[in-house]
Amino acid sequence: HKSVLGIILIVTLMNMLKGIADVMASSGMKEAFYEYLVFDDCWQIDRYSDGKIIADPTNFPSRIKALLDYVHSQGLSLASIVMRKKRLAKSVQEV
């Protein structure tokens, strides 16, 4: 069951990322070689046993693709920071 707050947060996140892409494309950042819009892993729910990401079908049925298309239309690339829990824990311990 989707909560209203959850839907608002998702729409807000999507609009924020699109807004960042707009600023990057229009402010000269793209020409200064800032070409990647990177966001955290808030769009996934789990991983398959082979390690591939399972996108959240309830909250993001096509939104990542739509966001990707929008960012590409601005001449930019989209990237998500995704780490496995074991790797993240190891990285944190090494720091």
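Residues numbered from 1 in each chain as written. Predicted model: local features only at pLDDT ≥ 70, side-chain atom pairs only at ≥ 80, totals over all residues. Heavy atoms only, no water.

Some details on the overall build of the chain
Move 1: Across its full length, the chain holds three helices and four strands.
Move 2: Reading the chain from its N end, one meets helices and strands in the order α-β-β-β-α-β-α.
Move 3: The long-range share in the chain, meaning contacts at least 24 apart out of those at least 6 apart in sequence, stands at 61%.
Move 4: In the structure as shown, the chain presents an accessible area of about 6900 Å², 59% of it carried by carbon and sulfur atoms. (Helix = DSSP H or I, 4+ residues; strand = E, 2+ residues; numbered from the N terminus. Contact = heavy atoms within 4.5 Å. Areas by Shrake-Rupley, 256 points an atom, 1.4 Å probe, with all protein chains shown as cover.)

Thoughts on unusual backbone geometry
Move 1: In this structure, F33 is a non-glycine residue whose phi angle is positive, near 70°.
Move 2: For F33, the position within the fold is in the loop between α1 (4-26) and β1 (36-39).
Move 3: Here F33 falls in the exposed class, since its relative accessible area comes to 70%. (Buried < 20%, exposed > 50% of the residue type's maximum accessible area, 1.4 Å probe, protein only.)

Here we look at the nonpolar core
Move 1: L17, L37, F39, L67, V71 and L78 are the most contacted members of the largest nonpolar core, which has 13 residues in total.
Move 2: For this core, the leading source of residues is α1, giving five residues.
Move 3: Discounting chain neighbours no more than four positions away, the residues touching F39 are L17, I64, L78, A79, S80 and I81. (Core = buried A, V, L, I, M, F, W, Y, C linked by side-chain atoms within 4.5 Å.)

Comments concerning the pattern of salt bridges
Move 1: Tallying each qualifying case throughout the model produces one salt bridge.
Move 2: Linking D69 and K65 is a salt bridge whose minimum nitrogen-to-oxygen distance equals 2.8 Å. Placement of the pair is D69 and K65 together in helix α2 (residues 63-73), with a separation of four residues, close to one helical turn.
Move 3: In this structure D69 comes out as partly exposed when scored by relative accessible area, which is 38%.
Move 4: What makes K65 exposed here is its relative accessible area of 51%. (Salt bridge = Lys/Arg side-chain N within 4 Å of Asp/Glu carboxyl O.)

It is worth stressing that arrangement in space is one thing and function is another; only the former is reported here.
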